[in-house]
Structures are given as C-alpha cells and as structure tokens.
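# Descriptive analysis of the structure
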Amino acid sequence: MSEWDQEWHRRFYGLDYYESVRDKLSEERTVAEVEWLTRVTNSQPPNRIVDVPCGFGRHVAVFGSLGYLVTGVDLNPEFIAAARARCQRMYGVELHVGDMRRALPGPYELCLSLYHSFGYFDDRENAAQLRDWTSQLTRGGHMVVDVWNADLIHAAFRPDHSWKTPGGLRIDEHRTLDRSTSRLRIDYVYTYPDGRTSSQVAWFRLYRAAELEDLAWQAGLIVDGIYGSLRGEPHAPTSTSTVVVCRRP
C-alpha cells in the first residue's frame, strides 16, 4: 500500500462526496439517530453539544431545533455555509470552519464523531484528537464515536464495489486493505449522468471495538456501551458500524 496521505480529507469531502451520500441521509434517519443519542447519553436541552466534523449540519440542525446549545466544526467552508443556511435563526447554534484535530474550548456535555469520521490520521494523531476533545467534556459528559465495523470489513473484504444513487450518479470503488495495520485505502471514480467523471482517494484507519475501548481508556473515558448502529442495535460481527458510547468519570 502506498504511503498514507495525512491531508486527504481536505480534498475528499466536497461536492462528489455530498452527491454520493445525500440520498442516504434523510431527515427521518437523522431524527431517529438524534433521538437515540439523547436517550443513550441521558442528554437534555439546553446541554452543550459539539459535533465534529459536522458536515452540512444535519445533526446540528435537529439538536438545535430541540433547544440544545450546539457547536459544529468542519474543515469544508461550503459544508459550514450549508449548515448555517439549514440552522438560520436557531438560537444557540454555532458553526465554525476548523480542523477537527484542534479542539474548541468547551465545556460540553456531549461530543459526537459520527458517520465514520474518526480514524483519518495515523495512530498518534487519532489518539491525540480523542484526548483533546475529551479534555473539553464536563465531568460525566459523554463522547460518541461512530465508525465502520473493522471486523466486518476484514472478514468480508471486497476490493471492488460499484453502486448508483437514485439520481444516476455511479460510484466505482477500488479498495486496498493492509491487514497488518488495519488501514484501508479507497480509490473512488464518480461518473455523473451527463458523462462527467472525477476521482478521489480516501484513507481510513479501521478500529476494532477493543481498540476503541483502549483508546477511550487512554483518553480518560469509561466505555458505557458498544452498539451496531446509531439506533442502538446490538453490535455483532455483521454490523456495518461500531458505535462506542463513552463517559468522562
């Protein structure tokens, strides 16, 4: 596998990515995820929440509408602009263009890293990122990390995968997995209905549940539960996600 590009995320999360996922991320799905997140962490408005990275603000908007004080952070200015448009006139919502490796001062009762947004960097930086955001949690505050299930990817690895969105965008993926380091590289080719094409490369450090537990412990967190989705399904080898719910004691 070629050398890891530590800054790949600066290029990857743009229009191609947005067009490929937007049909999957319905309002109904987001509301259900927020309902579960508040229940499993026993959160109540006006608790302070930070969503990092927040993308185009789908969770921020729902939390804001419920009366939470929400901070969203994302590196992409266009995503933050979209989030601001979605959250306009909502009291207590703050949105910042920023690098998720640099924690914004809290304190927060809940810190979220959702939709496989953890593991972009090498092990040292990933661990430092978790520690830095943990330091901004209140005592008893929660951290939720939602990533792909590494066990499933290792067990059922496919180097090539293609799919289409309802709008006709075709996505071709070529995957390379280094099993010794649990690093996944995905080369994407996007083909639009009018024939336009573009390509992107993404890199992920895949973490097994036990590894995430260890990272959480090193950051000063207690793991309260591990789930298979953001709706609280039990975690299993066939789960598509690993959702770790942690608490700062």
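Definitions and limits used
- Residues numbered from 1 in each chain as written.
- Predicted model: local features only at pLDDT ≥ 70, side-chain atom pairs only at ≥ 80, totals over all residues.
- Heavy atoms only, no water.
- 1 Å grid on protein atoms, 1.4 Å probe; cavity = no way out; pocket = protein on both sides within 12 Å on 5 of 7 lines; lining within 4 Å.
- Points joined across faces, edges and corners; volume = space filled by probe spheres on them.
- Nonpolar A, V, L, I, M, F, W, Y, C, P; charged D, E, K, R; others polar.
- Buried < 20%, exposed > 50% of the residue type's maximum accessible area, 1.4 Å probe, protein only.
- Helix = DSSP H or I, 4+ residues; strand = E, 2+ residues; numbered from the N terminus.
- Pairing = 2+ DSSP bridges.
- Axes fitted to C-alpha atoms, helices over the stretch in contact; angles between N-to-C directions.
- Salt bridge = Lys/Arg side-chain N within 4 Å of Asp/Glu carboxyl O.
- Parallel < 35°, antiparallel > 145°, perpendicular 65-115°, else oblique.
- Left-handed = near helix turned anticlockwise from the far one by under 90°.
- Contact = heavy atoms within 4.5 Å.
- Phe/Tyr/Trp six-rings, centres within 6.5 Å; stacked < 30°, edge-to-face > 60°.

Taken as a whole and assessed by the stated rule, the structure comprises three cavities of 30 Å³ or more. Put simply, the largest cavity is a space of about 70 Å³. Every residue lining the largest cavity is listed: Val52, Cys111, Leu112, Ser113, Phe118, Gln129, Leu130, Trp133, Met143 and Val145. Class assignment for the residues of the lining of the largest cavity results in eight nonpolar, two polar and no charged.

Turning next to the pairing of strand E5 (residues 137-148). Every other side chain in a regular strand lies on the same face of the sheet, so the side chains alternate between the two faces. The buried count for E5 comes to nine of twelve residues, which makes it a mostly enclosed element. Sheet topology note: the strand E4 (residues 108-113)/E5 ladder contains five bridges and is parallel. Bridge assignment links Cys111 to a residue of E5, and that residue is Met143. As defined by bridge partners, E5 adjoins strand E11 (residues 241-247) across seven bridges and the pair is classed as antiparallel. Residue pairing for E11: Val145 is matched across the bridge by Val244.

Strand order in the open sheet formed by seven strands is E3-E2-E1-E4-E5-E11-E10, with mixed pairing between adjacent strands. Taken across any chain shown, the strands that pair with only one partner, and hence form the sheet edges, are strand E3 (93-97) and strand E10 (222-227). With direction set aside, neighbouring strand axes in the sheet form an average angle of 15°. The sheet contact formed by strand E1 (residues 48-51) and strand E2 (residues 69-74) spans four bridges and is parallel.

As a further point, take the pattern of salt bridges. As enumerated under the stated definition, the model contains 18 salt bridges in all. Among the ionic pairs, Asp99 bridges to Arg101, the shortest N-O distance being 2.8 Å. Here the two residues Asp99 and Arg101 agree in accessibility, since each one is buried. Of the charged contacts in the structure, one is a salt bridge between Arg208 and Asp151, with a shortest N-O distance of 2.2 Å. Placement of Arg208 in the loop between strand E9 (197-205) and helix H8 (209-219) and of Asp151 in helix H7 (residues 150-155) is noted, with a sequence separation of 57 residues between them. On the basis of relative accessible area, Arg208 is assigned to the partly exposed category, the value being 34%. On the accessibility criterion, Asp151 (29% relative accessible area) is partly exposed.

Once that is clear, we can look at the packing of helix H6 (residues 123-134) against H8. The relative placement of two packed helices comes down to the angle between their axes together with the axis-to-axis distance. At their nearest, the axes of H6 and H8 sit 9 Å apart, and the two run at 50° to each other. Here H6 is positioned oblique relative to H8, judged by the angle of their axes. Note on packing geometry: the crossing formed by H6 with H8 is right-handed. Judged by residue contacts, Ala127, Leu130, Arg131 and Thr134 of H6 engage Leu215, Ala216, Gln218 and Ala219 from H8. A class-by-class count of the residues in the contact of H6 with H8 yields five nonpolar, two polar and one charged.

Let's shift gears to the layout of surface pockets. Here the largest pocket is characterised by a volume of approximately 950 Å³. Around the largest pocket sit 37 residues that line it, and Lys24, Tyr115, His116, Trp148 and Thr240 are the ones nearest its centre. Among the elements of the structure, helix H2 (15-21), helix H3 (27-40), E5, H7, strand E6 (160-164), strand E7 (170-178), strand E8 (183-191) and E11 are those that each provide at least two residues to the lining of the largest pocket. A breakdown of the residues in the lining of the largest pocket according to their chemical character gives 20 nonpolar, eight polar and nine charged. In this structure, the second largest pocket encloses a volume near 400 Å³. In terms of lining residues, the second largest pocket is bounded by 25 residues, among which Pro53, Cys54, Gly55, Asp74 and Ser117 are the most central.

Here we come to the packing of aromatic side chains. For the coordinates displayed, the defined rule picks out 19 aromatic pairs. With 5.7 Å between their ring centres and 65° between their planes, Trp8 and Phe12 make a pair best called edge-to-face. A single burial state applies to Trp8 and to Phe12, both of which are buried. Both rings, one in Phe56 and one in Phe79, keep their centres 5.6 Å apart while their planes meet at 85°; by these two values the pair is edge-to-face. You can see Phe56 sitting in the loop between E1 and helix H4 (58-65) and its partner Phe79 sitting in helix H5 (residues 77-86), a full 23 residues away along the chain.

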